[in-house]
Amino acid sequence: MIKKSQLSKTSTFVISRSIRSYCESPRESWVMKWPGQAILCISQTYWTANIHQVIKNGLEDEKMITSVINSSLTHSYEYLGNTVWLVTTPLTDCCYRTLFGALHLHLGGAPEGPARHWED
């Protein structure tokens, strides 16, 4: 049985090797060489560093465009909620697409319903 300390040492070793490889390889080939946990860790690290750089340099000159199907919007850098805990179902995906399209057409949207994850 693997001990927690061995698992931690192995993860640290793999992630440190994969971060060095990230700087030396094209991303397309790098992703195929490393385990998912390392890919997520390194990708999030670089994404966070890039976002911090953009914020440090000022957001006025930076515009991020988001696109879904045939709709595009300028990202407003608003809080998106705790999406890690959101269960994505076909209905959730349909709601995202519908609301995004409505915003693209300047119609707005106000999703609501009986779905709750707590007891009253």
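For the structure itself, look to the data block above.
Residues numbered from 1 in each chain as written. Predicted model: local features only at pLDDT ≥ 70, side-chain atom pairs only at ≥ 80, totals over all residues. Heavy atoms only, no water.

S.K.: Go over the pattern of salt bridges, please, and point to the residues and values.
M.R.: In a structure, side chains of opposite charge can pair up when their charged atoms sit close to one another. On inspection of all chains with the given rule, the structure shows one salt bridge. Across the pair Arg-97 and Asp-93 runs a salt bridge, and its minimum N-O distance is 2.5 Å. Of the two residues, Arg-97 and Asp-93 both sit in helix H4 (residues 90–104), four residues apart, roughly one turn of that helix. The class of Arg-97 is partly exposed, set by a relative accessible area of 34%. (Salt bridge = Lys/Arg side-chain N within 4 Å of Asp/Glu carboxyl O. Helix = DSSP H or I, 4+ residues; strand = E, 2+ residues; numbered from the N terminus. Buried < 20%, exposed > 50% of the residue type's maximum accessible area, 1.4 Å probe, protein only.)

S.K.: Could you give an account of the packing of aromatic side chains, naming the residues involved and the relevant values?
M.R.: Here the structure, examined in full by the defined rule, presents two aromatic pairs. Centroid distance Tyr-22 to Trp-30: 4.7 Å. Interplanar angle 85 degrees. Geometry classified as edge-to-face. As far as burial versus exposure is concerned, Tyr-22 and Trp-30 are alike and both buried. Three or more aromatic residues link up through ring pairs in this structure, and these residues are Tyr-22, Trp-30 and Tyr-46. (Phe/Tyr/Trp six-rings, centres within 6.5 Å; stacked < 30°, edge-to-face > 60°.)

S.K.: Describe in detail unusual backbone geometry, supporting the description with residues and values.
M.R.: Trans is the prevailing form of peptide bonds, just as negative phi is the prevailing case for residues other than glycine. Residue Ile-69 is not a glycine yet carries a positive backbone phi of 50 degrees. Of note, Ile-69 is situated in the loop between strand E1 (65–68) and strand E2 (71–74). Take Ile-69: its relative accessible area is 71%, and that puts it in the exposed class.

S.K.: Please set out helix H3 (residues 36–57) residue by residue, giving values where relevant.
M.R.: Taking 1.5 Å per residue, 22 residues should reach 32 Å; H3 reaches 31 Å between its end C-alpha atoms and fits that length. Every buried residue of H3 is accounted for by Ala-38, Ile-39, Ile-42 and Ser-43. The arc enclosing the buried residues of H3, seen along the axis, measures out at 120 degrees, which places them on a common side. Residues of H3 that are exposed and point over 90 degrees away from its buried face: Gln-37, Leu-40, Gln-44, Trp-47, His-52, Ile-55 and Lys-56. Packed against the buried residues of H3 are helix H1 (4–24) and helix H2 (27–33). In the stretch just after H3, Gly-58 is the one whose phi turns positive, near 105 degrees. (Expected span 1.5 Å × (residues − 1). Arc of directions from axis to C-beta. Contact = heavy atoms within 4.5 Å.)

S.K.: Account for the packing of H1 against H3, with residues named and values stated.
M.R.: Following both chains from N to C, one finds H1 and H3 inclined at 55 degrees, their axes separated by 9 Å at the closest point. As summarised for this structure, H1 and H3 are arranged oblique, according to the angle between their axes. Taken as a pair, H1 and H3 cross one another with a handedness that is right-handed. Of the residues in H3, those in contact with Ser-11, Val-14, Ile-15, Ser-18, Ile-19, Tyr-22 and Cys-23 of H1 are Gln-37, Ala-38, Cys-41, Ile-42 and Tyr-46. (Axes fitted to C-alpha atoms, helices over the stretch in contact; angles between N-to-C directions. Parallel < 35°, antiparallel > 145°, perpendicular 65-115°, else oblique. Left-handed = near helix turned anticlockwise from the far one by under 90°.)

S.K.: Help me get a handle on the pairing of E1, residues and values and all.
M.R.: Here E1 runs beside E2; their pairing, made up of four bridges, is antiparallel. Within E2, the position partnered with Val-68 by the bridge is Ser-71. (Pairing = 2+ DSSP bridges.)

S.K.: Outline the state of the cysteines, supporting the account with residue identities and numerical values.
M.R.: Put plainly, a disulfide is one covalent bond tying together the sulfur atoms of two cysteines. Enumeration according to the criterion identifies zero disulfides in this entry. With no disulfide of its own, Cys-94 lies 5.9 Å from the sulfur of Cys-95, the closest cysteine sulfur. Relative accessible area serves as the criterion here: at 32%, Cys-94 is assigned to the partly exposed category. (Disulfide = S-S within 2.5 Å.)

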